[in-house]
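Spelled out from the first residue to the last, the chains are:
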Amino acid sequence: MSITTTELENTKTIMAPLAEVEIDGSTQAREKIDQATVDEYVEKMEAGSKFPPVVLFHDGKAYWIGDGFHRCLAAVTLNRSEIKADVYPGGQKAAIRYAVGANDNHGLKRSNGDKRRAVSIALREFPNKSQRGIATLCKVSRRLVIDILEERGELLSVENIDANAAELRGREATYAA
């Protein structure tokens, strides 16, 4: 997921209070938490290893995890009160938008199941996005999106056709300008 210029300008790196971080999994795009990875991170944190900041979105009340569930859970396991975080403006939906494409090139490698779950979440949360838009957001192939839509019997739905047409019209308008 790409961060907009406005979001970049408004990002802050802070020590975020873990008590205010939503760790309920509602923004988790993976199939499941890998406990072995959490345990490995606990050991490394105890040994003093430095980790990159987690990515959080703040809506004024809570912090929503966009990237870094395993690191947050390791910090909680160690009874830490805070974690280093890059914080962007936005709430749960913004965190989901980020999370579905997270870990494509760092951290615990995404399994095929993780990618499929990310696509399923994106299809549910962003129903007006085209197949290509979902693939781009989730950093997967368009073929995977099509396969999942076929499995769900939704490939030829009017909504998907309309979204694809709207995206194409928008692209054509851009090229004509």
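See above for the structure.
Definitions and cut-offs
For every chain, the first residue of the written sequence is number 1, and numbering continues from 1 along that sequence. Per-residue local features of the predicted model are confined to residues with pLDDT of at least 70, and side-chain atom pairs are confined, for both listing and counting, to 80 or more; whole-chain, interface and lining totals are unaffected and use all residues. Hydrogens and water are ignored here; the side-chain numbers use all heavy atoms of the structure. Throughout this description, buried means an accessible area under 20% of the type-specific maximum (1.4 Å probe, protein chains only), exposed means over 50%, and partly exposed covers the range between. The way it works is that DSSP assigns letters per residue, a run of H or I at least four long becomes a helix, a run of E at least two long becomes a strand, and they are numbered from the N terminus. DSSP bridges decide pairing: two strands pair if at least two such bridges lie between them.

## Description of the pairing of strand 4 (residues 63-67)
Judged by how many residues are buried, strand 4 sits mostly within the fold: five of five residues are covered. Two strands pair when backbone bridges link them, and strand 2 (residues 21-22) and strand 4 are joined in this way by two bridges, in the parallel orientation. From the neighbouring strand, Glu22 faces strand 4, where its bridge partner is Trp64. Where strand 3 (residues 54-58) folds back on strand 4, the antiparallel hairpin that results is connected by four residues, among which Gly60 adopts a positive phi of roughly 95 degrees.

## Some remarks on unusual backbone geometry
Note: most residues except glycine have negative phi, and most peptide bonds are trans. Phi at Asn79 takes a positive value of approximately 60 degrees, unusual for a residue other than glycine. Relative to the helices and strands, Asn79 resides in the loop between helix 3 (69-77) and strand 5 (82-89). Residue classification places Asn79 among the exposed residues on the basis of a relative accessible area of 69%. Backbone geometry at Lys139 places phi at a positive 55 degrees, although glycine is not the residue there.

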